[in-house]
Amino acid sequence: MKGYAMLKIGQSGWIEKGRPACGPLDAICKPLAVAICTSDIHTLWEGAIGERHDMILGHECCAEVVEVGADVKDFKPGDRVLVPAITPDWNSLEAQAGYSMHSGGMLAGWKFSNFKDGVFSEFFHVNDADGNLALLPKNINVVDACMLSDMVPTGFHGVELADVQFGDTVLVIGIGPVGLMSVAGTNMRGASRIIAVGTRPVCVEAKKYGATDFVSYKNGPIFQQVLDMTDGKGVDKVVIAGGGVETFAEAVKCLKPGGKIGNVNYLGSGDNIDIPRVEWGVGMGHKQINGGLMPGGRLRMEKLGALVSAGKLDVSPLSTHVFDGWDHLEEALFLMRDKPKDLIKPVVKLAD
Ligand code: NAD
Ligand code: ZN
C-alpha cells in the first residue's frame, strides 16, 4: 500500500509499505477523508517528538472498516466510522486511573503518526476497535467528520481543563481551528464573556462561535490589554490553544486569584515555561495550570458526533480548503505549514 510518510525530520514523501496486520481486537480501515493537523507540522518540520524514519503521517480522518479481528463485536467491514486521533488501550492501568490518553506511558494513547503509522495511507490499523471507533452518523459528511478526530475533542478539552463555569469571563489564546472549538465549547458551557486572542480573518468565525471581544497579540502584551478590558480584574479562566512557552506567563498575569488555565497547545520548542512569581501570588495565588492531551475513544466520539449530528455544533466553517484525491495530499500539508491568512483547515476527500 502507499502512504505519505515522514522520511526524517524535515523530509516527507510517498512510500510503499505492507498492509498492517489485524489482531483479534483490531480493525483495518481505509480513509474516506483526511485532514492535516498543526501537530503534523510540529512533528515533521520541528522534530518536536524526535526523529522518526519512514513513519506514515496523519491522525485525523473518517474511514470505512475493511477488516475486523475475531473478537470485535460492534463493527464490521463496510461500516463508516469516526476515528479519534487518540486511540487508548482501554485495559491499561492509566485508563483505569482516568488518564486513557497516557495508556502505556506519557502521551502513548496518541499512536497514529507517533508510535505507529498514521492515516495518510490506503489502509491503517486501529487498536481496540470496539473501544475506539464510533459509527459515523448518516447526516455528517466526510469532511465535517474529520473535524471530530481532533479539532472538536481538543478544543473542548481545553475548556474542560480550564473548568469553565456559567457566567465566567474566559480568555482564549490562539484561534486556529483548535482555539475556535475552544471558543465554541466555552460558549456552550455558559461563559458570559469570551475574549479571543487573534488577528487573522478567522476572528469572524470566532464571533459566530461566541467570542465577544478580541485582542491582538501583535498590539503588545496580552495581559495589559486584558486587564484594561476588565477594569484591572482579569479573567476567571484561560484556554491556551496557540502561541509558545511565553503564553503561560501572559495567562497567569491575566487570571484572577483562584483562576484556572487549560492548555492544549503542543509546545514544539523551548526548554522551560516561566511562571511569573509575583502574579502567581508568590506561590499562593490558587492559580491552577492544567495541560492535557485530548481524550480519545468511542464514547467521546459518539457524544461529540451527536452534537454535530443534532445541529448544536457547526464544524463546516473550519474546512476552508477541501481537495479531491490523494494527489493533493502534499499540497494540503504544505498549505498547513505555510498557513495563508484565509486557511483554517485543509482536508483531502477520498470518497463521498
Ligand atoms: P494553529 O497554528 O492553526 O492556531 C494557533 C493560533 O495561535 C494561530 O491562529 C496563531 O496566529 C495564534 N498564535 C500564534 N502565536 C500566538 C501568541 N503569541 N498569542 C496568541 N496567539 C498566537 O493551530 P491549531 O491547529 O489550532 O492547533 C493549536 C495547537 O494545539 C497546536 O500547537 C497543535 O499542535 C495543538 N494540538 C494539541 C492537541 C492536544 O491533544 N492537546 C491536539 C491537536 C492539536
Ligand atoms: Zn491533530
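One can find the structure itself at the top, above this paragraph.
Residues numbered from 1 in each chain as written. Chains lettered and ligands numbered in written order. Predicted model: local features only at pLDDT ≥ 70, side-chain atom pairs only at ≥ 80, totals over all residues. Heavy atoms only, no water.

Engineer: How do you make sense of the site of ligand 1 when you look at a structure like this?
Structural biologist: By nearness alone, 26 residues border ligand 1, and T38, S39, V264, N265 and M294 come closest of all. Contact between ligand 1 and G292: a nitrogen atom at 3.1 Å from a main-chain N or O atom of the residue. Residue M294 places a main-chain N or O atom 2.9 Å away from an oxygen atom belonging to ligand 1. Those elements that place two or more of their residues in the shell around ligand 1 are α1 (38-45) and α6 (177-188). Among the elements that take part in the shell around ligand 1, α1 stands out by supplying three residues, more than any other. (Near = heavy atom within 4 Å. Polar contact = N/O pair within 3.5 Å; in protein donor to acceptor, adjacent residues only side chain to side chain. Helix = DSSP H or I, 4+ residues; strand = E, 2+ residues; numbered from the N terminus.)

Engineer: Explanation requested: the side chain of S113 in the structure shown.
Structural biologist: With respect to the helices and strands, the residue S113 is situated in the loop between α2 (93-96) and β7 (124-126). Ignoring anything within four residues of it in the chain, the contact list for S113 reads D40, T43, I49, M55, I56, L57, G58, H59 and G118. (Contact = heavy atoms within 4.5 Å.)

Engineer: Sorry if this is basic, but what is going on with helix α10 (residues 298-309) here?
Structural biologist: Residue pairs three or four apart in sequence face the same way in an α-helix, which turns once every 3.6 residues. The end-to-end C-alpha separation of α10 is 16 Å, in line with the 16 Å expected for twelve residues at 1.5 Å each. If you check which residues of α10 are buried, you get R300, M301, L304, G305 and V308. Buried residues in α10, looked at end-on, bunch into an arc of 120 degrees, giving them a common side. Away from its buried face, by an angle of more than 90 degrees, α10 presents the exposed residues L299 and K303. (Expected span 1.5 Å × (residues − 1). Buried < 20%, exposed > 50% of the residue type's maximum accessible area, 1.4 Å probe, protein only. Arc of directions from axis to C-beta.)

Engineer: In this structure, what is going on with the pairing of strand β6 (residues 80-83)? I would like to understand it.
Structural biologist: The side chains of a regular strand alternate between the sheet's two faces. The pairing of strand β5 (residues 60-68) with β6 spans four bridges and is classified as antiparallel. Across the sheet, C61 pairs through a bridge with V83, a residue of β6. Pairing between β6 and strand β8 (residues 134-135): two bridges, direction antiparallel. What sits directly across from V81, in β8, is L135. (Pairing = 2+ DSSP bridges.)

Engineer: Honestly, the side chain of D40 in this entry has me stumped. Any pointers?
Structural biologist: Position of D40 relative to the elements: it lies in helix α1. A polar contact is formed between the side chain of D40 and the backbone nitrogen of G58, at a distance of 3.3 Å. What D40 contacts, discounting residues up to four positions off in sequence, is A35, L57, G58, H59, S113, F120 and L333.

Engineer: Just to check I follow, could you spell out the sheet that holds strand β12 (residues 235-240) for this structure?
Structural biologist: To summarise the sheet geometry, strands pair through backbone hydrogen bonds and adopt either a parallel or an antiparallel arrangement. If you trace the six strands from one edge of the open sheet to the other, you get β11-β10-β9-β12-β13-β14, paired in parallel fashion. Two strands bound the open sheet, and with one partner strand each, they are β11 (213-215) and β14 (288-291). Direction aside, the axes of adjacent strands within the sheet are offset by 20 degrees on average. With five bridges connecting them, strand β9 (residues 169-173) and strand β10 (residues 193-197) associate as parallel partners. Residue pairing in the sheet places L171 in a bridge with I195 of β10. Contacts from helix α5 (residues 151-162) reach β12, β13 (255-263) and β14 within the one sheet, and its direction differs from that of β13 by about 150 degrees. Most of the contacts of α6 go to β9, to which it runs at about 170 degrees, and overall it touches β9, β10 and β12. (Axes fitted to C-alpha atoms, helices over the stretch in contact; angles between N-to-C directions.)

Engineer: What's the story with the packing of aromatic side chains in this structure? I'm lost.
Structural biologist: Aromatic ring pairs are described here by two measures, namely the spacing of the ring centres and the angle between the planes. Counted according to the given criterion, the structure contains five aromatic pairs. Both rings, one in W45 and one in F334, keep their centres 5.4 Å apart while their planes meet at 90 degrees; by these two values the pair is edge-to-face. You can see W45 sitting in helix α1 and its partner F334 sitting in helix α11 (residues 329-338), a full 289 residues away along the chain. Here W110 and Y266 contribute two aromatic rings whose centre-to-centre distance is 6.1 Å and whose plane-to-plane angle is 75 degrees, an arrangement assigned as edge-to-face. Pair noted here: W110 is in the loop between α2 and β7 and Y266 is in the loop between β13 and β14, with a separation of 156 residues, a long-range link. The side chain of R19 reaches across the aromatic face of F123, ending 4.6 Å from its centre. For R337, the ring lying beneath its charged end belongs to W45, and the centroid distance is 4.7 Å. (Phe/Tyr/Trp six-rings, centres within 6.5 Å; stacked < 30°, edge-to-face > 60°. Lys NZ or Arg CZ within 6 Å of the ring centre and 35° of its normal.)

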